[in-house]
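Survey of secondary and tertiary structure
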Amino acid sequence: MTLEGKVALVTGGTMGIGAATALALAREGAEVAISARRNDAEAQSTLEAIRAAGVRAEFIQADFSRPEDATRSVEETVKRLGCLDILVHAAGGAVNGGLLEISPDQWYAAFDVHVHAMFHLSRAAIPHLRARAGGALVLVSSTAGIRGIITNIAYQVAKGALPQFTRALAREFAPDNIRVNCVAPGVIRTAFHASMSEAQKKLNLEQRIPLRREGTPEQVASLVLELVKNDYITGESFTIDGGLTMRIA
């Protein structure tokens, strides 16, 4: 897929992996809407960077725990930029705590943002992608959804649902030339992982990650970009984790 003249919506597009992805798409010629809860300095900085690439950019304020906001993000993108060809769902957030520690509300909230939002986003997006004779969806999961982690059961179970959601959508909408793929980042240098203790960072680099370094948002964005552009990949989930999930000892 050539991105010149295409329109993308990136949820969680104001920071971290979402912002890097939005900028990568813009540099390939796509016009980009970024959507997040806060229209803050980071949002404005990302908009400026996208526009500096020579394309149109829009910010859409939305809380992805609310179904109506997910749907509105798609409709606002089409209203402001004319159509929709690409949807990247990078919005999310940590939900810490084990089974006996978190509340039912925290459990439901994790699924609202990570899984239910994608349900509403894709239902709103598919008719527009069909109108464009195809398109691409990319879901951002996590290696936490692949391996068991003690401290955040809601987050890892919600993220673990996204690869299967990917396969289900890809199979259903392949006849429409709509491709759906998933990426599962490991330890990436973002605000999400900034709260890790020095001891945890040392453990990651020396014992858990074979490449012994964190990834960057730009490295994840380059994988998302490839999945958008390569029109013979669908229904797949790719880890990008420095070897974290392949090691057994």
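These remarks concern the structure in this document. The structure displayed is predicted, hence computed values, not measured ones. (Residues numbered from 1 in each chain as written. Predicted model: local features only at pLDDT ≥ 70, side-chain atom pairs only at ≥ 80, totals over all residues. Heavy atoms only, no water.)

**Some details on the sheet that holds strand β6 (residues 178–185)**
The seven strands are arranged β3-β2-β1-β4-β5-β6-β7 in an open sheet whose pairing can be described as parallel. The two strands at the open ends of the sheet, each matched to only one other strand, are β3 (57–61) and β7 (237–240). Mean inter-strand twist for the sheet, computed between neighbouring axes without regard to direction, equals 15°. Relative to strand β5 (residues 135–140), strand β4 (residues 86–89) runs parallel, the two being bridged by four bridges. When the sheet's bridge partners are listed, H89 is paired in β5 with L139. Of the strands in this sheet, β5, β6 and β7 touch helix α5 (residues 153–173), which is tilted by about 165° from β6. (Pairing = 2+ DSSP bridges. Helix = DSSP H or I, 4+ residues; strand = E, 2+ residues; numbered from the N terminus. Axes fitted to C-alpha atoms, helices over the stretch in contact; angles between N-to-C directions. Contact = heavy atoms within 4.5 Å.)

**Describing the packing of helix α1 (residues 16–27) against helix α2 (residues 41–52)**
Two elements in contact, α1 and α2, have axes separated by 8 Å at closest approach and are oriented at 15°. Here α1 is positioned roughly parallel relative to α2, judged by the angle of their axes. As α1 packs across α2, the resulting crossing turns out to be right-handed. Taking contact as the criterion, the partners of A19, A22, L23 and A26 in α1 are, on α2, T46, A49 and I50. Here the residues of the contact of α1 with α2 sort into six nonpolar, one polar and no charged. (Parallel < 35°, antiparallel > 145°, perpendicular 65-115°, else oblique. Left-handed = near helix turned anticlockwise from the far one by under 90°. Nonpolar A, V, L, I, M, F, W, Y, C, P; charged D, E, K, R; others polar.)

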